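If you want the building blocks of each chain, they are given just below.
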Amino acid sequence: AFAKYGFNKSHAIAYSTISYICMWLKHYYPLEWKTAALTGATKEDFKEFYQEWFDVIDKPDVNTSKMHYVINEERTKTLMPFSFVNGVGDKAVDSIVSKQPFKSFADFYDRVDGRRVNKKCILNLILSGVFDSFFKGKDFYGYRRKLIAEFFELKNKKKKFTSKESLEVEEYLSEIKKWDKSNFLEKEIDLLNITTFDYFKFYKEQMTKGAKKILGGEAIRPEAVEKKKNRDVVIVGGVLKRKTVFPIKNGKSKGEDMM
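First, a word on what this report is: a plain description of the structure on this page. Note that the structure is a prediction, hence the values are computed from the model and not measured.

Take the sheet that holds strand 3 (residues 78-79) next. Read from one edge of the open sheet, three strands run 1-3-2, paired in mixed fashion. The open sheet has two free edges, formed respectively by strand 1 (57-58) and strand 2 (70-71), since each of these has just one partner strand. Bridging between strand 1 and strand 3 involves two bridges; their strand directions are parallel. In the sheet register, Ile57 faces strand 3, and the bridge partner there is Thr78.

Here is the structure:
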């Protein structure tokens, strides 16, 4: 059994040394260590890391993010790379980074390479919150809706839309106008590959109202349940993304619908 998985002393010492260095860096430079760990992680790894490190990970920023994870100017969070946004390729990232910083969204649109940073790419960047740092208010979702309209105006000025394109843009803007905060949040989560636990940020207020009414306390994150004392009561909440209705075939409720 040992022969199947055994190492000589030099190999064991090397691994022990690396482990010690990693522990030392994680203890004394936690943000730098997490940033390095995330840079080497896959998107699947990220979903696991995010559950533990959600408080230090932030979405990409148009003027600060790069091809890899970087620490923000305040040194409080690590910023996701542009490439983490679905639909944004390496060539698009190179074009964006080479032109940083940008004064405004219009400045961004005017200077990046439109062949590399195309329509789909820009819409995905807007909807994932990459340009939110340009906005000083609180309604980021309303701001993203405004940016989408501005993008199509700038695009139309550069090259006049055909009748078909104008109709498609009109339909798209009409659909976006119907979106509420939850629609924008769902799109952001989809584009950034973040798990559904992030719905908690949006629904916490509503969940807390119910928790206070029933328990007299606020809603908590799922992992915080481990810190609760024995016999404490907690409320488990979530978000339904889809539902299926089908008829009951047997028993007293035969013929009735079940969801």
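That was the structure; now back to the text.
With that settled, consider a nonpolar patch on the surface. On the surface, Tyr20, Ile21, Met23, Trp24, Leu25, Tyr28 and Tyr29 cluster together into a nonpolar patch covering about 780 Å² of accessible area. Checked against the element boundaries, Leu25 lands in helix 1 (residues 9-28). Taking the relative accessible area as the measure of exposure, Leu25 reaches 32% and is therefore partly exposed.

Next up on the list: the nonpolar core. Of all hydrophobic cores here, the largest spans 47 residues; its most connected members are Phe46, Phe108, Val117, Leu125 and Phe131. Those elements that place two or more of their residues in this core are helix 2 (30-39), helix 3 (43-53), helix 4 (90-99), helix 5 (105-111), helix 6 (119-127), helix 7 (140-158), helix 8 (163-177) and helix 9 (181-192). If near-sequence neighbours (up to four positions away) are discounted, Leu125 is found in contact with Phe82, Val85, Val88, Ile96, Phe108, Val117, Val130 and Phe131.

With respect to the element layout, Tyr50 can be found in helix 3. Judged by relative accessible area, Tyr50 falls into the buried class, the value being 3%. Taking the C-alpha atoms as reference, Tyr50 lies 7.7 Å from Ile194; in sequence the two are 144 residues apart.

What counts, and where the lines are drawn
- Residues numbered from 1 in each chain as written.
- Predicted model: local features only at pLDDT ≥ 70, side-chain atom pairs only at ≥ 80, totals over all residues.
- Heavy atoms only, no water.
- Pairing = 2+ DSSP bridges.
- Helix = DSSP H or I, 4+ residues; strand = E, 2+ residues; numbered from the N terminus.
- Patch = residues over 30% accessible without salt bridge, like charges linked within 9 Å, V, L, I, M, F, W, Y side chains within 5 Å.
- Areas by Shrake-Rupley, 256 points an atom, 1.4 Å probe, with all protein chains shown as cover.
- Salt bridge = Lys/Arg side-chain N within 4 Å of Asp/Glu carboxyl O.
- Buried < 20%, exposed > 50% of the residue type's maximum accessible area, 1.4 Å probe, protein only.
- Core = buried A, V, L, I, M, F, W, Y, C linked by side-chain atoms within 4.5 Å.
- Contact = heavy atoms within 4.5 Å.

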